[in-house]
Amino acid sequence: MDIGKSKTMQSSISDNNGSAETSSRRQFLKIPAISGAVGFFSETLSTEAAESTPQRVAGAGFDPDLVLLIDRITGGFNLADYQYAESLGYDAYLAAQLDYETLIGANDPALQAKLINYDIQNMSALEIVLAYSPMNMSIIPLRQATTIQLMWQVYGKAQLYYRMFQFWNQHLNIDINSSTTQRYILWPFLRDKVLANAMTSVPDLIQASAQGSAMLFYLNNNTNVASAPNENYAREVMELHTLGVDNGYTQTDIEELARILTGWSVCLNVNGCSGGLQAYGDFRYISGNHDTDDKMLLGNLITGQSGAAGMNEGIQAITILTEHPNTADFISRKLCRHFLGGINYDYDPPEDIVQIVKWTYLNSNPIGDIRSMLSVILQRDVLTNASTPKFRRPLDLTTSSLRAVNADLAVSSPGFLSLISFYMDSMGMHPNFWGPPNGPFDSKTWSEGSAIPRWSYLDALSRDSITDVVSFSVTNLLSLVSATLPGTQAQGLNELLTGGRMTQKEVEAVQGFIGFGTTSEARLKEALGLAMSLPTYQFI
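Residues numbered from 1 in each chain as written. Predicted model: local features only at pLDDT ≥ 70, side-chain atom pairs only at ≥ 80, totals over all residues. Heavy atoms only, no water.

Chemist: I'd love a proper account of the overall build of the protein chain, names of residues and values included.
Modeler: Each helix and strand counted, the protein chain has 29 helices and 4 strands in total. Evaluated residue by residue, the protein chain yields a buried proportion of 58% over its 540 residues. As presented, the protein chain carries roughly 19,900 Å² of accessible surface, and 51% of it is formed by carbon and sulfur atoms. (Helix = DSSP H or I, 4+ residues; strand = E, 2+ residues; numbered from the N terminus. Buried < 20%, exposed > 50% of the residue type's maximum accessible area, 1.4 Å probe, protein only. Areas by Shrake-Rupley, 256 points an atom, 1.4 Å probe, with all protein chains shown as cover.)

This is the structure we're talking about:
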């Protein structure tokens, strides 16, 4: 999907929002210091553009290393989060985020209060389908599943935990719109398989996913039987989930893995399966559909087994895949790209760091321990010396802007943020609305399309025209950094939005737009939207 070339997307923005650029935005873009912004977003991030990209130098009073850490491990810079992190110090704050168990559930009452209206939170797939299928209202669990994820990233204390959930959610991508059935069974998969293992180990996560009904149904393994093997899931688990594309396996390995996974299926009967042993939406192993002959996977003999023992073949195969050095390399590289970016803004992380993380994967106890790898990537010396600016993907732009303004999201019946969802769609990235199984790309490609959908969202948010967000005062926000007096507001926005990272020219341009005399709240709201549209804010 190319956000700059989708005619449907472009027309939907035009139809629903009128002109994408307000007259004030046009006026702002005529300011010489900012006039290059349009071209910056509309063409490929070339070497020349990369060299002009604002560097990460935090303003006076801000620790640039801590600002960087917060930007990379949370839904976006937030002043209160920074002040809390500063009170702990870099290492202690990171340790607290890695120790996520003490930051979730009852230990996070503010988040729990936000989630109170989402009834699918603790429901099983059977409970969800019984509640919403009779009314033909599969749209409700769809909306709630995606909105809960947004709430986690905007309000949760355990920011690194929820960011890792989203990382793995995209790694194990399932399109919730792929079928009506998927709308009923995906949420328990996200909660019980992905979230539950977001900070455990890669082998545990992939084993859980392989026994996740939503995954098996999405990739057709429920139709994978000995008499007619279906290779779809076998191919993707090797290509996307473990080894990586064309990375040490052959078509024969795919065929053998498909045979190994015959019988791994899903219960989709509301009355239950196997005499009630499995409920609707549960994983189901059907031994009668399993190929009991011997198989060979990546040079390893998998002895064929019958009956219930046949399922052990699949567990053994997933273990072989997740403990393979190529998987360690693929996952380590992907994690480094996600948190560090890469050399020359090409999202190619430093090879020496990748190899250290790969070594950690293979030598941690348990193997593939996620927190051990994150501890390497996020330590101060690595993060501050090996990372480069990354263009905010649409989901990150959404969460960061909401967090920056301390947004109070208004829950409407049935708990759906309709306008925010619309804007995420228009920008091209919405939780679990990605069609192909490869998941939303983590590359500079996002910077190559039109900026209009992004500006439209930021303009609407800053002007209080998104009904999902309770009205807020920019003046009150500026008071948090003692920047309400004429001439100080732009620097105040700089501190609130970026931890002081905006360039001097950007600050001067925003203040020039505001003026140096008495100004109105409306003008400050426009300035907020303009500041979030600048190159510095568009990068983390």
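Chemist: Give a detailed account of the state of the cysteines, specifying residues and quantitative values.
Modeler: Following the criterion strictly, the structure yields 1 disulfide and no others. Across the disulfide from Cys-267 sits Cys-273; the S-S distance is 2.1 Å. Because the torsion about its S-S bond is 85°, the bridge between Cys-267 and Cys-273 counts as right-handed. Look at Cys-267 and you get buried, because its relative accessible area is 0%. (Disulfide = S-S within 2.5 Å.)

Chemist: Hey, could you go over the pattern of salt bridges for me, with residue numbers and the actual values?
Modeler: Considering all chains together, one arrives at 21 salt bridges under this definition. Between Glu-101 and Arg-371 there is a salt bridge whose closest N-O contact spans 3.1 Å. One end of the pair, Glu-101, is in the loop between helix H7 (90–98) and helix H8 (109–114); the other, Arg-371, is in helix H20 (residues 370–377), and 270 residues separate them in sequence. For Glu-101, a relative accessible area of 37% puts it in the partly exposed group. Each of the salt bridges in this network shares a partner with another, and the network as a whole consists of Asp-329, Arg-333, Glu-351 and Lys-358. (Salt bridge = Lys/Arg side-chain N within 4 Å of Asp/Glu carboxyl O.)

Chemist: Mind laying out helix H12 (residues 180–194), listing which residues take part and the relevant values?
Modeler: For H12, which comprises 15 residues, the first-to-last C-alpha distance of 21 Å matches the rise-based estimate of 21 Å (1.5 Å per residue) to within 8%. Considering bend angle alone, the principal kink of H12 is centred on Leu-186 and spans about 35°; proline Pro-188 follows within four residues of it. Counting buried positions over the 15 residues of H12 gives 11, a clear majority of the element. Within H12 the residues assigned to the buried category are Gln-182, Arg-183, Tyr-184, Ile-185, Leu-186, Trp-187, Pro-188, Phe-189, Leu-190, Arg-191 and Val-194. (Expected span 1.5 Å × (residues − 1). Bend = angle between axes of the 7 residues up to and from the residue.)

Chemist: Got a sec to walk through the environment of Asn-78? Specific residues and values, please.
Modeler: Relative to the elements of secondary structure, Asn-78 occurs in the loop between helix H5 (64–73) and helix H6 (79–88). Sequence spacing of Asn-78 and Thr-498 is 420 residues, and the spatial spacing of their C-alpha atoms is 8.3 Å. Excluding anything up to four places from it in sequence, Asn-78 contacts Ile-70, Arg-403 and Asn-406. A polar contact of 3.0 Å, which involves the side chain of Asn-78, links it to the side chain of Asn-406. (Contact = heavy atoms within 4.5 Å. Polar contact = N/O pair within 3.5 Å; in protein donor to acceptor, adjacent residues only side chain to side chain.)

Chemist: Summarise the packing of helix H18 (residues 325–340) against H20; cite the residues concerned and give the values.
Modeler: For the pair H18 and H20, the least separation of the axes is 11 Å and the interaxial angle reads 45°. Considering their axes alone, H18 and H20 lie oblique with respect to each other. The two elements H18 and H20 cross, and the hand of that crossing is right-handed. Here H18 contributes Ser-332, Leu-335, Cys-336, Phe-339 and Leu-340 to the contact with H20, which in turn contributes Met-373, Leu-374 and Ile-377. Among the residues forming the contact of H18 with H20, the class breakdown is 7 nonpolar, 1 polar and no charged. (Axes fitted to C-alpha atoms, helices over the stretch in contact; angles between N-to-C directions. Parallel < 35°, antiparallel > 145°, perpendicular 65-115°, else oblique. Left-handed = near helix turned anticlockwise from the far one by under 90°. Nonpolar A, V, L, I, M, F, W, Y, C, P; charged D, E, K, R; others polar.)

Chemist: Lay out the side chain of Arg-163 in plain terms, naming residues and giving numbers.
Modeler: With respect to the secondary-structure elements, Arg-163 resides in helix H11 (residues 159–171). Arg-163 sits in the buried class, given a relative accessible area of 6%. Reaching out from Arg-163, the side chain makes a polar contact with the side chain of Asp-396 at a distance of 3.3 Å. In this structure Arg-163 touches Arg-72, Ile-73, Thr-74, Gln-153, His-338, Phe-339, Asp-396 and Ile-540, once residues within four positions along its chain are discounted.

Chemist: Please provide a residue-by-residue account of the confidence of the model for the protein chain, values included.
Modeler: With 88% of its residues at a pLDDT of 70 or more, the protein chain shows a mean pLDDT of 89. Predicted confidence is poor over residues 1–56, with pLDDT under 50, and the contacts of this stretch with residues over four places away or in other chains come to 105 contacts. (pLDDT = per-residue confidence, 0-100.)

Chemist: Quick one: what's the story with the nonpolar core, residue by residue and with numbers?
Modeler: In this structure, Met-164, Trp-168, Met-238, Leu-257, Leu-374, Leu-378 and Leu-402 are the most contacted members of the largest nonpolar core, which totals 158 residues. It is helix H10 (residues 139–155) that provides the largest number of residues to this core, a total of 9 residues. Contacts of Met-164, omitting those with residues within four sequence positions, involve Ala-198, Met-199, Leu-335, Phe-339, Ile-370 and Leu-374. (Core = buried A, V, L, I, M, F, W, Y, C linked by side-chain atoms within 4.5 Å.)

Chemist: Can you explain the packing of aromatic side chains? Please cite residues and give values.
Modeler: Two aromatic rings, taken as a pair, are described by how far apart their centres are and by the angle between their planes. What the rule picks out here adds up to 17 aromatic pairs. Geometrically, the ring pair formed by Phe-77 and Tyr-82 is tilted, given 6.0 Å between the ring centres and 40° between the ring planes. Given the relative accessible area of 2%, Tyr-82 is considered buried. Ring geometry for Phe-167 and Trp-168: centres 4.8 Å apart, planes at 80°, overall edge-to-face. (Phe/Tyr/Trp six-rings, centres within 6.5 Å; stacked < 30°, edge-to-face > 60°.)

Chemist: Pulling in residues and values, what's your account of the environment of Arg-235?
Modeler: Here Arg-235 shows up in helix H15 (residues 232–241). Taking the relative accessible area as the measure of exposure, Arg-235 reaches 27% and is therefore partly exposed. Sequence spacing of Arg-235 and Leu-219 is 16 residues, and the spatial spacing of their C-alpha atoms is 9.5 Å. When sequence neighbours within four positions are dropped, the list of residues in contact with Arg-235 reads Gln-251 and Ile-254.

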